[in-house]
Amino acid sequence: MERKWWHEAVVYEIYCKSFCDSDGDGIGDLRGVISKLPVLKELGINCIWFAPIYKSPQVDNGYDVADYQDIEPDYGTLEDFKELLDLAHSMGIRVIMDMVLNHSSDEHRWFQESRKSKDNPYRNYYIWQPPKADGSEPNNWGNYFRDGNGSAWEYDELTGEYYLHQYAKKMPDLNWEYEPLRKEVYKMLHWWLDFGVDGFRLDVFTRFKKPEGFPDTKKAPNVILDRNGFIMDNTMCLNVEGIHEILHELYTEVFGTRECMTVGEGAGVTSQNALGYVAKEREEIDMVYHFELSHRKLFSMTPEHFRKVQTEWADVFRHNGWAVQYMSNHDSARQVSVYGSDGIYRMPSAKLLATLIHTSPGTPFIYQGEEIGMVNVEFDDIKDHNCCYTVGDYNSMIQSGMSAEEALKIVGPRSRDNARTPYQWDASKHAGFTTGQPWMKLNPRYTEINLEADRKSEDSIFAYYQEMIKLRQTHPAIIEGDLRFLLEDHPQIIMYLRECEKETLLVIANYSNEKISLQLPEDIRSGKWQRVITNVKGTIPSVDGRDYLLPWETEVYSNTK
Ligand code: NOJ
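Keep in mind that what you see is a predicted model, and the values were worked out from it rather than measured.

Q: If you had to explain the site of the ligand to someone new, which residues and values would you point to?
A: Near the ligand you find 13 residues, and of these D60, D203, H330, D331 and R416 are the closest. Residue D60 places a side-chain N or O atom 2.5 Å away from an oxygen atom belonging to the ligand. Computed on the free molecule, the ligand has an accessible area of 290 Å², of which 98% lies beneath the protein chains in the complex. For the shell around the ligand, a count of residues per class yields four nonpolar, two polar and seven charged.

The structure is reproduced here in structure tokens:
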């Protein structure tokens, strides 16, 4: 396979609003990011993915774009962004933009025009349908945010029609059937590439194509989450026939004509259909990330699940396509809280998760704060929450008769807000994130968990990430190696080989809070393999009279040929 820069990259996602505030208004901004580029360089990442930084009313923190070619004023200006981009490039860091092309904000100029009249030239940029004979919504689809009355259609009195919004009602879906819209999107993408960005993360790209005739969903209603009879069926516009034509055209008109990387957010992408999107000859997109390893609805992981998912996906991408490895992002709870342990084993478990991600086949994506083991937050009032999913779910639960306390207990641990509290830089007021009033409450554990404290600690998670990221440059098996699991039935230990021509790596992880006995293979005991990284000090298991792994211990060994 031809080697591209993103095969070797380590991507770092920045959620600008919560990263670093330079001007004291309580909102993270681009100048704040500029001031922290040296830290990211030290960490060793070489690509930044910016969650949307475009001008936006912020209903969904930027996933509601009001102008694709301007920067959200709270974050700065296009000039600031150009400076950031040039600086990042001079430091060897590439930058990709989050491209939200399934929908825009209703404040986008296109929508403002579209709603004016049925014969407005922009009318078909969006999806409009007449009411049913009784005046009701065109079908029973519910929106994913449980916004408004719950329907995925919003009535607009001005023209007497409904428009489709799979997400919030202020986020109307764009109409990919309409050529002038597609052409305008291509022009805009070229403009960003001319501006100097290195690629795009495509938001919910599997939902661009809608089913012919907008049929009712037949899914049974969920009494707690659906609203007013509108059914939140997340498969209603997923992988609909014709989606590949849309992506192929995007490729022939834009991606394939330029030097750029594309990674798709793969809602509904499975090991069965993934190659349809990312196989080279399909000419659609480069990489896709799936939700099968970790998802905000999965509250735990087991070695069995890890082995199953990784084996399945390694098979898919053995000769074609490329994987993304991650356990959390701005849409999930904090990985150390969900898949690790955020009590006394926070530090070793954060490192163990990093080891699994960075030594599995594919490109690792780090979410801000993960590298210092940031944990979930517990808010005791829904008013402290910001995420529309969380608030929508909460409201539906209250509507179905649940108490506020019960509802909060359910939505809290899986809330996207866990990932969105401001970055914890130090133990000073507001964790060094802002000198003003933060837009969102901080995690009160910031006095204990922050970058400064972490870097001073002998057990620094940040330092472990630095080491781990460096291994990617020096150990070819991390990028090229085939994946083979050992101890396939072990309930606590995850053990696998990554084998390539030049080297074999052995990864060992005790995925538990317990000490687990283990005899390492003779080769390791006899010293033929070199330990390249570990999260415990000193002793090598089975060599120094120790025939066990400590809780959350992880080790990586290399055998060069
Ligand atoms: C996926 C994004 O990651 C999420 O944050 C957003 O709410 C939805 N797409 C809608 O754009």
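Q: Break down the domain arrangement of the chain for me, with residues and values.
A: Domain annotation of the chain identifies domain 1 (5-102 + 179-461) and domain 2 (481-560). A C-alpha centroid distance of 31 Å is found between domain 1 and domain 2. Contact with domain 1, which involves 25 residues of that partner, is made by 25 residues of domain 2. Of the roughly 2000 Å² buried where domain 1 meets domain 2, counting both sides, 64% is carbon and sulfur surface. For domain 1, the biggest contributors to the area lost against domain 2 are R307, L352 and T359; these three give 31% of the whole. Summed over the shared surface of domain 1 and domain 2, the result is two salt bridges.

Q: How would you sum up the layout of surface pockets? Please name residues and give values.
A: Where empty space is left becomes clear once a probe the size of a water molecule has been rolled over the atoms. Volume-wise, the second largest pocket comes out at about 470 Å³. Lining the second largest pocket are 23 residues, with K4, W6, Y251, K280 and D286 positioned closest to its centre. Its residues assigned to classes, the lining of the second largest pocket comprises nine nonpolar, six polar and eight charged.

Q: Account for the environment of R307, with residues named and values stated.
A: Looking at the secondary structure, you find R307 in helix 8 (residues 303-316). Between the C-alpha atom of R307 and that of D523, which follows or precedes it by 216 residues, the distance is 24 Å. Discounting chain neighbours no more than four positions away, the residues touching R307 are F485, L487, E488, D489, H490, I493 and I494.

Q: A description of the packing of aromatic side chains should follow, citing residues and the corresponding values.
A: This structure, assessed with the given rule, holds 41 aromatic pairs. A ring pair is formed by W110 and Y125, whose centres lie 5.4 Å apart and whose planes are at 65°; its orientation type is edge-to-face. One end of the pair, W110, is in helix 4 (residues 109-114); the other, Y125, is in the loop between helix 4 and strand 6 (128-129), and 15 residues separate them in sequence. The exposure classification of W110 matches that of Y125, with both residues buried.

Q: Explain the sheet that holds strand 15 (residues 493-499) residue by residue, including any values.
A: Strand order in the open sheet formed by five strands is 14-15-16-20-18, and the pairing between neighbours is antiparallel. Each of the sheet's edge strands pairs with one partner strand only, and the pair in question is strand 14 (482-486) and strand 18 (530-534). The sheet shows a mean angle of 20° between the axes of neighbouring strands, direction not considered. The pairing of strand 16 (residues 503-510) with strand 20 (residues 554-560) spans seven bridges and is classified as antiparallel. Its bridge partner being in strand 20, A509 is matched across the sheet by T554. Across the face of the sheet, helix 15 (residues 461-474) comes into contact with strand 18 and strand 20 while running at roughly 135° to strand 18.

Q: How would you sum up helix 10 (residues 346-358)? Please name residues and give values.
A: Along its 13 residues, helix 10 runs 18 Å from first to last C-alpha, staying within 8% of the 18 Å computed at 1.5 Å per residue. Where burial is concerned, most of helix 10 is hidden: twelve out of the 13 residues are buried. Among the residues of helix 10, those classed as buried are R346, M347, S349, A350, K351, L352, L353, A354, T355, L356, I357 and H358.

Q: Account for the packing of helix 2 (residues 30-43) against helix 15, naming residues and giving values.
A: When two helices pack together, you describe them by how their axes are tilted relative to each other and by the distance separating the axes. Packing of helix 2 against helix 15 leaves a shortest axis separation of 8 Å and a crossing angle of 60°. Classified by the interaxial angle, the pair formed by helix 2 and helix 15 is oblique. Mapping the contact onto sequence places V39, E42 and L43 in helix 2 and F462, Y465, Q466 and I469 in helix 15.

Q: Lay out the pattern of salt bridges in plain terms, naming residues and giving numbers.
A: This model, assessed by the stated rule, comprises 35 salt bridges. Residue R201 is joined to D203 by a salt bridge in which the shortest nitrogen-to-oxygen separation is 2.8 Å. Taken as a pair, R201 and D203 share a single burial class, namely buried. E448 is the salt-bridge partner of R445, the closest N and O atoms lying 3.0 Å from each other. When its relative accessible area of 26% is taken as the criterion, R445 is described as partly exposed. One connected set of salt bridges, linked through shared partners, spans D60, D331, R416 and R420.

Q: Got a sec to walk through the environment of D384? Specific residues and values, please.
A: Inspection of the secondary structure assignment puts D384 in the loop between strand 13 (363-367) and helix 11 (388-399). Residues D384 and H108 lie 276 residues apart in sequence; the distance between their C-alpha atoms is 28 Å. Apart from residues lying up to four places away in sequence, D384 is in contact with F379, M440 and K441. Polar contacts involving the side chain of D384 include one to the side chain of K441, which spans 3.2 Å.

About the criteria used
- Residues numbered from 1 in each chain as written.
- Predicted model: local features only at pLDDT ≥ 70, side-chain atom pairs only at ≥ 80, totals over all residues.
- Heavy atoms only, no water.
- Near = heavy atom within 4 Å.
- Polar contact = N/O pair within 3.5 Å; in protein donor to acceptor, adjacent residues only side chain to side chain.
- Areas by Shrake-Rupley, 256 points an atom, 1.4 Å probe, with all protein chains shown as cover.
- Nonpolar A, V, L, I, M, F, W, Y, C, P; charged D, E, K, R; others polar.
- Domains from an automatic or database assignment.
- Contact = heavy atoms within 4.5 Å.
- Buried area = accessible area lost by both parts, 1.4 Å probe.
- Salt bridge = Lys/Arg side-chain N within 4 Å of Asp/Glu carboxyl O.
- 1 Å grid on protein atoms, 1.4 Å probe; cavity = no way out; pocket = protein on both sides within 12 Å on 5 of 7 lines; lining within 4 Å.
- Points joined across faces, edges and corners; volume = space filled by probe spheres on them.
- Helix = DSSP H or I, 4+ residues; strand = E, 2+ residues; numbered from the N terminus.
- Phe/Tyr/Trp six-rings, centres within 6.5 Å; stacked < 30°, edge-to-face > 60°.
- Buried < 20%, exposed > 50% of the residue type's maximum accessible area, 1.4 Å probe, protein only.
- Pairing = 2+ DSSP bridges.
- Axes fitted to C-alpha atoms, helices over the stretch in contact; angles between N-to-C directions.
- Expected span 1.5 Å × (residues − 1).
- Parallel < 35°, antiparallel > 145°, perpendicular 65-115°, else oblique.

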